[in-house]
Amino acid sequence: MLATAIDGDIQRELLVRVRGTHALKSWRLRIPRHTSFSGVPHASGTIEQLFIASGAVRAELEDAASDLAAGDLLSFAADLPHAYITADEPVDIHVLLATPSR
């Protein structure tokens, strides 16, 4: 484990970091039920991929929303505001961030 952060009951765990033409970060994100979590916009050109390991979550992007359940994968431009909202169950998400190296 490289890093763990806790925001209230939300837990983020950095699993791996790789540098090359893109900087890759793999995170485990665990969000309790009935919780809203706002993602900070990342550097320009960053792509974020969410793989839902368990539970369900609503991913709100600047102009769209997606309801995701276990086994779903969502990829989006993460340099814009985004948020995750859980309902009646907690969610466990594997997050992969790909940021262009400068």
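A brief look at the structure comes next. Values in this document were obtained by computation on a predicted structure and should not be read as measured data.

## Topic: the overall build of the protein
In step 1: The secondary structure content of the protein amounts to zero helices and ten strands.
In step 2: Starting at the N terminus, the α and β elements of the protein follow one another as β-β-β-β-β-β-β-β-β-β.
In step 3: Taking 2.2 N^0.38 as the reference for a compact globule, 102 residues should give roughly 13 Å; the C-alpha atoms of the protein span a radius of gyration of 13 Å, in line with that estimate.
In step 4: In terms of principal-axis extent, the alpha carbons of the protein reach across some 40 × 35 × 25 Å.
In step 5: Taking as baseline every contact in the protein between residues at least 6 positions apart, the subset at least 24 positions apart corresponds to 64%.
In step 6: Accessible area of the protein: about 5800 Å², with a carbon and sulfur share of 54%.
In step 7: If you average the places of the 9 positive and of the 13 negative side-chain charges in the protein, the two averages end up 10 Å apart.

Rules used in this analysis
Residues numbered from 1 in each chain as written. Predicted model: local features only at pLDDT ≥ 70, side-chain atom pairs only at ≥ 80, totals over all residues. Heavy atoms only, no water. Helix = DSSP H or I, 4+ residues; strand = E, 2+ residues; numbered from the N terminus. Rg over C-alpha atoms; globule rule 2.2 N^0.38 Å. Contact = heavy atoms within 4.5 Å. Areas by Shrake-Rupley, 256 points an atom, 1.4 Å probe, with all protein chains shown as cover. Lys, Arg positive; Asp, Glu negative; His and termini not counted. Charge placed at Lys NZ, Arg CZ, Asp CG, Glu CD.

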